[in-house]
Amino acid sequence: MSEKQKMLAGELYLASDPELKALHNQACHLTRLYNATTEDEIETRSHLLQDLFGKLGSNPQISPPFYCDYGSNIYVGDNLYLNYGCVILDCNTVHLGDNLLCGPYVQIYTAYHPTDPAQRLTGRELAAPIKIGNNVWIGGGAIIGPGVTIGDHTTIGAGSVVTKNIPANVIAVGNPCRVIRSANPTQPPILDIYSNRHSG
């Protein structure tokens, strides 16, 4: 198996592999160009995102700066909104559903390292896929960890650290992120995405 195949299979891999290094450099090039665009360059931004992502739905809105590792492992549905400073470490696949809203500085990490120091010193890394469903709202500063799935119509409170799967149709907050109540997908709850305050 190539190092890229190992990476996508969730096995230990070397990010310094020439193929992966070239893909990463390409992503750095495209994100640098994207982050240098202005709000008026809508068509240019669209073309850059099409070149960057593995799949891009309609009407994406990503406020620069935006950063990712490869881009090609990110699969985006329709009406994606990422506010300023979002980071996606897509060392494994990241599937983002339709109508996903992310506040500023949301971090989505598929990447992680061995906890055994001797193994970690070999330079090998690990990654696990992330899947975020449709109509999800993620508050500012939230961190989504490796291997996590978030179900449809769910809200994640600002500053939350999501280390385990979160089901559909709930509101979840905290570190570690926990479900605090169910949510009616046809009547979204009132939630300030810039804090953990909630009502309703």
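The numbering scheme is per chain: residues are counted from 1 as the chain's sequence reads. Only residues with pLDDT of at least 70 are given local features in this predicted model, and only at 80 or more are side-chain atom pairs given and counted; all residues enter the totals for whole chains, interfaces and linings. Note that the side-chain values use all heavy atoms of the structure and ignore hydrogens as well as water.

Visitor: Just checking my understanding: could you explain the confidence of the model for the protein for this structure?
Guide: Where the model shows low pLDDT, its predicted coordinates should not be examined in detail. As a per-residue measure, pLDDT reflects the predictor's confidence and takes values from 0 up to 100. For the protein, the average pLDDT comes to 93, and 92% of its residues sit at 70 or higher. This stretch, residues 189–200, has a pLDDT under 50; its non-local contacts, to residues over four places away or in other chains, come to 27 contacts. Here, two residues are considered to be in contact whenever any of their heavy atoms come within 4.5 Å of each other.

Visitor: Whenever I open this one, the packing of aromatic side chains confuses me. Can you help?
Guide: When we look at a pair of aromatic rings, we describe it by the centre distance and by the angle of the planes. Centres within 6.5 Å are what make two rings of Phe, Tyr or Trp a pair, Trp counting through its six-membered ring; a difference in plane orientation under 30 degrees is then read as stacked, over 60 as edge-to-face, and the rest as tilted. This structure, assessed with the given rule, holds one aromatic pair. Considering the side-chain rings of Phe53 and Phe66, the 6.0 Å spacing of their centres and the 90 degrees angle between planes classify their relative orientation as edge-to-face. You can see Phe53 sitting in the loop between α3 (42–52) and β2 (61–62) and its partner Phe66 sitting in the loop between β2 and β3 (67–68), a full 13 residues away along the chain. In this pair, the class of Phe53 matches that of Phe66, namely buried. If you follow Arg45 out to its NZ or CZ, it ends over the ring of Tyr34, 5.5 Å from the centre. The numbering of helices and of strands both runs from the N terminus, where a helix is a DSSP run of H or I of at least 4 residues and a strand a run of E of at least 2. Only protein chains enter the calculation, and the probe is 1.4 Å; a residue is then buried if its accessible area is under 20% of its type maximum, exposed if over 50%, and partly exposed in between. The criterion for a charge sitting over a ring is simple: Lys NZ or Arg CZ within 6 Å of the ring centre, and within 35 degrees of the ring normal.

Visitor: Help me understand the pairing of strand β11 (residues 124–127), please; the structure alone is not making it clear to me.
Guide: Look at any regular strand and the pattern is simple: side chains alternate between the two faces of the sheet. Judged from the two bridges that link them, strand β1 (residues 13–14) and β11 form a sheet pairing that is antiparallel. The residue bridging Leu14 from the neighbouring strand is Arg124, located in β11. Following DSSP output, two strands are said to pair if at least two bridges run between them. With two bridges connecting them, strand β10 (residues 111–112) and β11 associate as antiparallel partners. Of the residues in β11, the one forming a bridge with Tyr112 is Leu126.

Visitor: Sorry, what's going on with the sheet that holds strand β12 (residues 130–132) here?
Guide: Consider a sheet: its strands pair through backbone hydrogen bonds, and that pairing is either parallel or antiparallel. If you trace the four strands from one edge of the open sheet to the other, you get β4-β7-β12-β15, paired in parallel fashion. Since the sheet does not close on itself, it has two edges, and those belong to β4 (74–76) and β15 (149–150), each with one partner. Across three bridges, strand β7 (residues 94–96) lies against β12 in parallel orientation. Bridge pairing in β12 links Leu96 to Ile132.

Visitor: Would you take a moment to explain helix α2 (residues 18–35) for this structure?
Guide: A rise of 1.5 Å per residue sets the reference length of α2, with its 18 residues, at 26 Å; its end C-alpha atoms lie 25 Å apart and thus fit the reference within 8%. Within the span of α2, buried status applies to Leu20, Ala27, Leu30, Thr31 and Tyr34. Buried residues of α2, viewed axially, fall in a sector of 95 degrees; they line one side. Seen from the open side of α2, the exposed residues pointing more than 90 degrees away from its buried face are Pro18 and Arg32. Against the buried residues of α2 lie α1 (3–8), β1, α3, β2 and β3. Two or three places before Glu19, at the opening of α2, Asp17 has a side-chain oxygen 3.1 Å from that residue's backbone nitrogen. By definition here, a helix of n residues has an expected span of 1.5 Å times n minus one. To be clear, the arc concerns the directions from the helix axis to the C-beta atoms. Nitrogen and oxygen atoms within 3.5 Å of one another constitute a polar contact, given that in protein one can donate a hydrogen and the other can accept it, and given that sequence-neighbouring residues count only through two side-chain atoms.

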